[in-house]
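Examination of the molecular architecture
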Amino acid sequence: MAIATIEVDRSAILHNVDYFRQLAPNSELIAIVKANAYAHGKVGVAQLLADKVDGFGLARLSEAIELRDAKIKTPLVLLEGFFPHDDLNLLINHDIQTAIHCDEQIVRLNAIPKKNQLTVWFQLDTGMHRLGFRLEDAKANFTKLVNCQVVRKPINIISHFSSADELDSPQTATQLQRLDDFLASIDDKTLIGKCSIAAAGGAIAWPLSRKSTIRPGIALYGVSPFTNPMPELKAAMTFKSELTAIRPHKQGESVGYGQIWTSPRDTRLGVVAMGYGDGYPRAIPENTPVLINGRRVPIVGRVSMDMIVVDLGPDCQDQLGDDVIFWGKGLPVEEIANHTGISAYELLTRLTSRAQIHYVN
């Protein structure tokens, strides 16, 4: 096993799927596995959930093809749509669904002579202002998409919240109303297929956003989309390594690059096989905790590419090879995010392939 390890508890992911099934029993569930399933391994997660969810959401065509190559037959949705250089025949041949968010994409679809070959999601900009058709142009572009012969009917509708994690923000209610107004503006309701606006935060905090389909992402892996951990969710990942050296250290001595930390006492330092080469951020501030033998000890000095130093204390009983947990059971990643100012989304998705994934349960 690799020293730097992403240990993934499959039973936790299944628990979280059940949580969302119970939360929104009338909604289909698209599990988001983009960014390598938030570093949990998209193929492993997809194989686990293939017959337990209604689809998988991804960001890149290459990700979707990798799942098809792994024999995943569950519906796949490209949430960002296809890109100018993408071969649309790959979408058709692999039965990959796609968001449509701009007129240029409709032009490309109209150039395909095939009929009823592609399932699409019409992306409506209700206030995120990132992708999607603006409200004043949406109905006309929806009609254009209806007239594309390659597109299957009915056409699904998708949008995205900008502030679902801000419970006192009026923006979410405004976006919901804009979506409902657009749906009402379509005269022939048989042209409207599935509808989705809620990712995890919306599905949890805004019941009216639980349309026909919800799209949980980070919460599927047990990480709260809000500031603090949610007891209803089970964290799937334990990100850990081990002690590779324990060294005596004198008061007044520094450690690591830049000498940014100096010890206020005689102590013992532990060297951990972990660094920004594994995806643990170089900018992590000192005193960020790690968990060793059930107790929290602080990181000292600067995170380097392959090593991190922690202050074990003068009376430590730790041994070489002991586990060092950077987040997981007993030390939620949400706590590390709050301590460092780096979001849990970024902490997870920046992990590199050198930190190898190991599935348990």
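Here we summarise the structure given alongside this text.

Reading the values: rules and limits
- Residues numbered from 1 in each chain as written.
- Predicted model: local features only at pLDDT ≥ 70, side-chain atom pairs only at ≥ 80, totals over all residues.
- Heavy atoms only, no water.
- Helix = DSSP H or I, 4+ residues; strand = E, 2+ residues; numbered from the N terminus.
- Buried < 20%, exposed > 50% of the residue type's maximum accessible area, 1.4 Å probe, protein only.
- Areas by Shrake-Rupley, 256 points an atom, 1.4 Å probe, with all protein chains shown as cover.
- 1 Å grid on protein atoms, 1.4 Å probe; cavity = no way out; pocket = protein on both sides within 12 Å on 5 of 7 lines; lining within 4 Å.
- Points joined across faces, edges and corners; volume = space filled by probe spheres on them.
- Nonpolar A, V, L, I, M, F, W, Y, C, P; charged D, E, K, R; others polar.
- Core = buried A, V, L, I, M, F, W, Y, C linked by side-chain atoms within 4.5 Å.
- Contact = heavy atoms within 4.5 Å.
- Salt bridge = Lys/Arg side-chain N within 4 Å of Asp/Glu carboxyl O.
- Arc of directions from axis to C-beta.

**Topic: the overall build of the protein**
From N to C terminus, the protein includes 11 helices and 17 strands. Projected onto its principal axes, the C-alpha positions of the protein cover 75 × 45 × 35 Å. Burial status across the protein gives 53% buried among its 361 residues. On the protein, roughly 16,100 Å² of surface is accessible, and the fraction owed to carbon and sulfur atoms is 49%.

**Points about the layout of surface pockets**
Taken as a whole, the largest pocket encloses approximately 1,000 Å³ of empty space. Surrounding the largest pocket, 42 residues form its lining, Lys34, Tyr38, His160, Ala199 and Tyr345 being those nearest its centre. Broken down by secondary-structure element, the contributors of at least two residues to the lining of the largest pocket are helix H2 (34–39), helix H9 (200–205), helix H10 (333–340) and helix H11 (344–349). Ranked by the residues each element gives to the lining of the largest pocket, the list is headed by H11, at 4 residues. Classifying every residue of the lining of the largest pocket gives 21 nonpolar, 13 polar and 8 charged. Taken as a whole, the second largest pocket spans an internal volume of roughly 200 Å³. If you go around the second largest pocket, you meet 13 residues; those closest to its centre are Asp9, Ala12, Ala235, Thr238 and Lys329. Elements supplying a minimum of two residues to the lining of the second largest pocket: strand S1 (5–9), helix H1 (10–23) and strand S11 (237–249). Per element, the largest residue contribution to the lining of the second largest pocket is 3 residues, and it comes from S1. Grouping the constituent residues of the lining of the second largest pocket by class yields 6 nonpolar, 3 polar and 4 charged.

**With respect to the nonpolar core**
Membership of the largest hydrophobic core comes to 116 residues, with the highest contact counts inside it found for Phe20, Leu109 and Trp327. Considering each element in turn, this core owes the most residues, 6 residues, to H1. With sequence-adjacent residues up to four places away left out, Phe20 is seen in contact with Leu29, Ala200, Ala203, Ile204, Ile214, Pro216, Ala219, Leu220 and Leu233.

**Let's talk about the pattern of salt bridges**
Inspection of every chain in the model, using the stated rule, returns 18 salt bridges. In this structure, the salt-bridge partner of Arg350 is Glu346, at a minimum N-O distance of 2.9 Å. Of the residues examined, Glu346 reaches a relative accessible area of 38% and is grouped as partly exposed. Here the salt bridges do not stand alone but share partners, grouping Glu7, Lys240 and Asp323 into one network.

**Focus: H10**
Here H10 has its buried residues at Val333, Glu334, Ile336, Ala337 and Thr340. For H10, the buried positions fall inside an angular range of 160° around the axis, keeping them on one side. Contact partners of the buried residues in H10: strand S13 (289–292), strand S16 (323–327) and H11. Among the residues trailing H10, Gly341 stands out with phi positive, at a value near 80°.

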